[in-house]
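Per-entry structural report
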Amino acid sequence: MQLYPLRLTAPAKPLVFGGHAIARNLGKTGIPDWGIGETWECSDVDGMGGEVTNGPLAGTSLRELVQQHPEELMGRGWSGEYFPVLAKFIDATGTLPVHLHADDETAQRLEGQANGKTEAWHILAAAPGATALCGIRDGVSAEQLRTALEAQKFDAVMRRLPVRAGETIYVPGGTLHSFGPDTLVYEIEQTSDIQQHAMRWHMEDGSPVDDEEFTGNLDMLLQEIKFDPKPDFGPGVSVRVDDGVEQTFLCTGPYFALERWRAGTAAPIRRRFETAQILSNVGAPVTVTAGAWSEELGRADSLLLPACLGTVEVTGPADVLFGYLPNLDRDVRHPLTEAGYGPAVIVTLGEGLETAAT
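So, here's what we can say about the structure. Since we're looking at a predicted model, the values are computed, not measured. (Residues numbered from 1 in each chain as written. Predicted model: local features only at pLDDT ≥ 70, side-chain atom pairs only at ≥ 80, totals over all residues. Heavy atoms only, no water.)

Some points on the overall build of the protein
To keep it simple, the criterion reads: Labels follow the DSSP assignment, with helices taken as runs of H or I lasting at least four residues and strands as runs of E lasting at least two, numbered in each case from the N terminus. We take the radius of gyration over the C-alpha atoms and set the globule estimate at 2.2 Å times the residue count to the 0.38 power. Remark: exposure states derive from per-residue accessible area (1.4 Å probe, protein chains only) relative to the maximum for the residue type, with buried under 20%, exposed over 50%, and partly exposed in between. Residue contacts follow a heavy-atom distance rule, with two residues in contact if any of their heavy atoms lie within 4.5 Å. Per-residue accessibility takes into account occlusion by the displayed protein chains alone, with areas from the Shrake-Rupley method and a 1.4 Å probe. In this count, Lys and Arg are taken as positive residues and Asp and Glu as negative ones, while His and the chain termini are left out. Each charge is placed at NZ for Lys, CZ for Arg, CG for Asp and CD for Glu.
Within the protein one finds seven helices and 23 strands. A globule of 358 residues ought to have a C-alpha radius of gyration of about 21 Å, and the protein, at 20 Å, matches this closely. Along the first, second and third principal axes, the C-alpha set of the protein runs to 60 × 50 × 40 Å. Burial analysis of the protein (358 residues in total) assigns 55% to the buried set. Once local pairs closer than 6 in sequence are excluded, the contacts in the protein between residues at least 24 apart make up 72%. A total of about 14,700 Å² of accessible surface is found on the protein, and carbon and sulfur atoms cover 48% of it. Of the side-chain charges in the protein, 27 are positive and 50 negative, and the distance between the mean point of each set is 5 Å.

Quick notes on the sheet that holds strand E8 (residues 168-171)
Applicable threshold: The pairing criterion for strands is at least two bridges between them, as found by DSSP.
Strand order across the open sheet formed by six strands is E1-E2-E3-E10-E5-E8, with antiparallel pairing between neighbours. Lying at the two open borders of the sheet, with one neighbouring strand each, are strand E1 (12-13) and E8. Taken together, the four bridges between strand E5 (residues 119-126) and E8 define a ladder with antiparallel strand orientation. For Trp121, the partnering residue across the bridge sits in E8 and is Ile169.

Digging into the nonpolar core
Taken as a class, soluble globular proteins show a tendency for nonpolar side chains to be buried jointly. Our working definition: Side-chain atoms within 4.5 Å link the members of a nonpolar core, which is a set of buried Ala, Val, Leu, Ile, Met, Phe, Trp, Tyr and Cys residues.
If you look at the biggest cluster of nonpolar residues, it comprises 57 residues, and the most contacted ones within it are Leu62, Leu73, Phe83, Ile269, Leu279, Val288 and Leu304. Sorting elements by how many residues they give to this core places strand E21 (residues 318-324) first, with four residues. In this view, Leu279 contacts Val288, Leu297, Asp301, Ser302, Leu303, Leu305, Val314, Val320, Leu321 and Phe322; residues no more than four positions away in its chain are not counted. The next biggest cluster of nonpolar side chains, apart from the first, holds 19 residues, and it includes Leu133, Val157, Val209 and Phe214.

Thoughts on the environment of Ala290
Examined against the element boundaries, Ala290 turns out to sit in strand E17 (residues 286-290). With 22 residues separating them along the chain, Ala290 and Val312 place their C-alpha atoms 4.8 Å apart. Residue contacts for Ala290: discarding those within four places in its chain leaves Pro5, Leu309 and Thr311.

Set out below in structure tokens:
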């Protein structure tokens, strides 16, 4: 079967820190009118996997697509048991719990999982003065960290960073973090739902965590934490690709890449690709065309574009995100070099990739 742009179910999670921003600010429809913390735009996580809702493949799970059409979906030579990238909208009307996700080695060793979860947050909106906690301050010992976490004194040991709309931060696995309140985020990450919390309340409903559970949570968290990562927010690296069309590399690394494309009306977004693309609309409704397929993509809606399509056109005005599993040389280094970025200044977009900027 020839694959086509796929609309997937996007489960909405009513977490205690959530609000109404995904519907009322971004404009997403079809989600409940109560406090929603996250919508999972493209997911192959066990128990939260997406299913196709359009066309001949309607009702097929993303896991089944990966297993039945691995190269058509992901690109030539690819094989794997599940779709490797997870994408979400997150409404931090309240503050997320302080937590971490193990890196690959730790997830395999302590959690019995195939991989950990490195992630990145692209800030769509944030109130003036918004901040995030990300990473441990220099000089903090494991003993000092535990004492502070037991007392819930996070600022004593964690780095608090300013948050601004349009910026992105790449968060390696093992990094203790939180963000909110009043922050709206697009998150891209490895396919995983492992996490260790440092809070005395459950994020599902705010109910208290008893002392025994809290102690066990801290024990595991301290086995999984990495003290070294100290990531920062950045604006990304932009390239003008056509009349009124801008491509911005927001973050990239071995697990995922995220780009934001904006276009006016002089020229559409024309994108070529060799690996599956998660296309999420963060602006007004747009028309998406891939071969003979052409449909409107509404506000805060997403499509999964199989690799076999090869090209997509998005008619502006447009403001969209593309998330994907990159070939770093082909998908990132080469286009930035072609755009004139050279060896004068090093801009770090994520783990495993440094690209030079003039």
